[in-house]
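Examining the three-dimensional arrangement
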2 protein chains.
Amino acid sequence: MYIDEPLKKYLDEAASGAPTPGGGSVAALAGALGAALTSMVCNFTVGKKKYKDVEAEVAKILSEAEELRAKLLELMVEDTRVYGKVSEAYSMPNNSPEEKEARSEAIQKALKVAMKAPLEAALCCHRILKLNEPLVEKGNKNLISDVGVAILLAESAMRSAILNVEINLSYIKDENLRHETRGKLSPMLSEAVQLREKIYQAVNEAIGAELK
Amino acid sequence: MYIDEPLKKYLDEAASGAPTPGGGSVAALAGALGAALTSMVCNFTVGKKKYKDVEAEVAKILSEAEELRAKLLELMVEDTRVYGKVSEAYSMPNNSPEEKEARSEAIQKALKVAMKAPLEAALCCHRILKLNEPLVEKGNKNLISDVGVAILLAESAMRSAILNVEINLSYIKDENLRHETRGKLSPMLSEAVQLREKIYQAVNEAIGAELK
């Protein structure tokens, strides 16, 4: 689903009055675009004489970027599937006390599953940011603006995924899970903000950008 | 090209060792994703009884978001076409003084054309941010996180497009054009940063997000 269909169709469906794909799925795709550009930078570095000294390191980065891209495309689809499960739970019968309880339990269960997709996407985007840090120095210099685009998209995709985690948490009653999830994401988000600043500045300096 | 092909194929080509699609094209696509989510929020608002009072205004926003999405998808393709023209100019013969001059002129001409695609994309992304400002209050409340994702992607896509303008400017010798282009983008970028902050905070407050 989606990945083998025309690009325009995905965008048409995202724009439409149908609930999926929504922001969670789109965030994962934006992260995958950041991963793709990370790979592009690596592909223009590995195998070039000028960058022989860093070849092994950059080949490793390429391999992880490719894994992250595949994972984020999976999550782009997964996000729409789990959203469907939440909707199903909400449409359960809601009349007798037993029905109300069964429905509420099903909703909570579905929300906990649904939250995992954007949570996983946020982790992947954080990794993409980390992968780009050495590329500023070691990647092919001609592609420095692509490093910039990769980290800008990865950071906004990470924040977007976190917004989708938060919207799920706002309906989840399990306080421990809320606390644990935010505790996991909080230091990652801080690190991502710092990495994005550092890399973005280095890229702007490298290209002599006046607008930043 | 691209828009009617499988989504995965576009990402594979972006990730590959081929020069196009690169960061400029990907930035335009990220902007189109922001536009798509803007339309989604509008599509869940227009025609709903609860939002009857704002229907006309939101329908107008929808119409502009759809135009911007189409334009950004065009620019996603256009960016790869104009990049090809720059490459062609660089590969012109470069031996005699006449050849050197003709090549240099052709490069400058191609760069000026190439710069227009990311410049246009940046303007579109700025518009997407502006369209989302009233949606925080007037859009369907259930889609508030989608407003958040839309503006996060639009802002990072705008910055990404500007990076691609800057990389072109760094090779362009026409000082007036450099000055004029930066003069046009600079106030827009400042406004975009402010809008992004304002809307992002409002979205986080609305969903009771603790991570931001």
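An account of the accompanying structure is given in this report. Source: prediction; values computed, not measured.

With respect to the packing of helix 2 (residues 23-43) of chain A against helix 3 (residues 55-90) of chain A
Residues and elements named next belong to chain A. The N-to-C vectors of helix 2 and helix 3 enclose an angle of 160 degrees; their axes lie 8 Å apart at closest approach. Between helix 2 and helix 3, the interaxial angle falls into the category roughly antiparallel. Of the two elements, helix 2 crosses helix 3, and the hand of that crossing is left-handed. Of helix 3, the residues touching helix 2 (which contributes Gly24, Ser25, Ala28, Leu29, Gly31, Ala32, Ala35, Ala36, Thr38, Ser39, Cys42 and Asn43) are Val58, Ile61, Leu62, Ala65, Glu66, Arg69, Leu72, Leu73, Leu75, Met76, Asp79 and Thr80.

Structural notes on the nonpolar core
Leu72 and Met158 of chain A together with Leu72 and Met158 of chain B are the most contacted members of the largest nonpolar core, which has 158 residues in total. When residues no more than four places from it in sequence are discounted, the contact partners of Met158 of chain B are Ala122, Cys125, His126, Leu129, Met188, Leu189 and Ala192 of chain B.

Thoughts on the relation of the copies chain A and chain B
Placing chain A over chain B gives an RMSD of 0.0 Å and needs a rotation angle of 180 degrees, together with 0.0 Å of translation along the axis. On this basis, the relationship between the two copies can be described by a two-fold rotation axis. With an isologous cut-off of 70% or more, the 100% of interface residues of chain A that recur at the interface of chain B puts this contact in the isologous class.

Observations concerning helix 3 (residues 55-90) of chain B
Three or four residues apart is the spacing at which side chains of an α-helix point the same way, because the helix has 3.6 residues per turn. Look at helix 3 of chain B: 52 Å from first C-alpha to last across 36 residues, which is about the 52 Å you get at 1.5 Å a residue. Along helix 3 of chain B, the sharpest change in direction is near 25 degrees and occurs at Val77 of chain B.

Details of the interface of chain A and chain B
Counting from both sides, the interface comprises 65 residues of chain A and, opposite them, 65 residues of chain B. On the chain A side of the interface with chain B, the three residues burying the most area are Leu7, Leu163 and Leu211 of chain A, jointly 15% of the side's total. Our count for the contact surface shared by chain A and chain B stands at 4 salt bridges. For Glu210 of chain A, the salt bridge is made with Arg182 of chain B, and the minimal N-O distance between the two is 3.3 Å. Here chain A and chain B share 25 residue pairs in polar contact (both at pLDDT 80 or more) between them. It is helix 5 (residues 144-169) of chain A that contributes the most residues to the side of chain A that touches chain B, 16 residues altogether. The class makeup of the residues in the side of chain A that touches chain B is 36 nonpolar, 15 polar and 14 charged.

Side note on the environment of Ala117 of chain A
All names here are of chain A. Tracing the chain through its elements places Ala117 in helix 4 (residues 97-138). Given a relative accessible area of 4%, Ala117 falls into the buried group. Expressed as a C-alpha distance, the spacing of Ala117 and Ala161, which sit 44 residues apart in the sequence, is 8.5 Å. For Ala117, the residues in contact, after removing those within four places along its chain, are Leu75, Glu78, Asp79 and Val82.

Looking at unusual backbone geometry
Residues and elements named next belong to chain A. Looking along the chain, the bond that leaves Thr20 and enters Pro21 is cis, with omega of -5 degrees. The residue Pro21 is located in the loop between helix 1 (7-15) and helix 2 in this model. In this model, Tyr2 sits at a positive phi of 70 degrees, which is unusual for a non-glycine residue. We classify Tyr2 as buried; its relative accessible area is 4%.

Thoughts on empty space enclosed by the protein
All chains considered together, the criterion is met by 1 cavity of 30 Å³ or more. Taken together, Leu152, Glu155, Ser156 and Arg196 of chain A together with Leu152, Glu155, Ser156 and Arg196 of chain B form the lining of the largest cavity. For the lining of the largest cavity, the secondary-structure elements that each account for two or more residues are helix 5 of chain A together with helix 5 (144-169) of chain B. Residue composition of the lining of the largest cavity, by class: 2 nonpolar, 2 polar and 4 charged.

Regarding the environment of Lys49 of chain A
Structurally, the position occupied by Lys49 of chain A is in the loop between helix 2 and helix 3. Lys49 of chain A sits in the exposed class, given a relative accessible area of 78%.

What counts and how
- Residue positions are given per chain, counted from 1 along the sequence in the order it is written.
- All chains are assigned letters beginning at A, and all ligands numbers beginning at 1, according to the order in which they are written.
- Where local features are concerned, this predicted model is filtered to residues with pLDDT of at least 70; where side-chain atom pairs are given and counted, the filter is 80 or more; whole-chain, interface and lining totals use all residues.
- Processing note: side-chain calculations cover all non-hydrogen atoms of the structure and skip hydrogens and water entirely.
- As a rule, the C-alpha atoms of each element are fitted with a line to give its axis, helices using only the stretch in contact, and angles between N-to-C directions run from 0 to 180 degrees.
- Each helix corresponds to a stretch of at least 4 residues labelled H or I by DSSP, and each strand to a stretch of at least 2 residues labelled E; elements are numbered beginning at the N terminus.
- Each angle gets one of four labels, with under 35 degrees taken as roughly parallel, over 145 as roughly antiparallel, 65 to 115 as roughly perpendicular, and the rest as oblique.
- Should the near helix be turned anticlockwise from the far one by less than a right angle, the crossing is termed left-handed; should it be turned clockwise, right-handed.
- By the convention used here, residues are in contact when the closest approach between their heavy atoms is within 4.5 Å.
- Note on terminology: a nonpolar core comprises buried Ala, Val, Leu, Ile, Met, Phe, Trp, Tyr and Cys residues joined through side-chain atoms within 4.5 Å.
- Each residue is assigned to one of three classes by its accessible area relative to the maximum for its type, calculated with a 1.4 Å probe on protein chains only: buried under 20%, partly exposed between the two thresholds, exposed over 50%.
- To superpose the copies, least squares is applied to the C-alpha atoms of every residue with a pLDDT of at least 70 in both.
- By definition here, a helix of n residues has an expected span of 1.5 Å times n minus one.
- By definition, a residue's bend is the angle between the axes fitted to the seven residues ending there and the seven starting there.
- Defined here as a combined quantity, buried area equals the accessible surface (1.4 Å probe) lost by two parts on assembly, summed across both.
- Should a side-chain nitrogen of Lys or Arg be within 4 Å of a carboxyl oxygen of Asp or Glu, the pair is scored as a salt bridge.
- Between N or O atoms, a polar contact is any pair within 3.5 Å; within protein, one atom must be a potential hydrogen donor and the other a potential acceptor, and residues adjacent in sequence are included only when both atoms are from side chains.
- Residue classes follow a fixed rule: Ala, Val, Leu, Ile, Met, Phe, Trp, Tyr, Cys and Pro count as nonpolar, while Asp, Glu, Lys and Arg count as charged, and any other residue, Gly among them, counts as polar.
- Throughout, the protein atoms alone are placed on a 1 Å grid, and a set of points is a cavity if a 1.4 Å probe fits but cannot get out or a pocket if it is open with protein on both sides within 12 Å along at least five of seven lines; lining residues have an atom within 4 Å of a point.
- Grid points are joined across faces, edges and corners, and a volume is the space filled by probe spheres set on the points.

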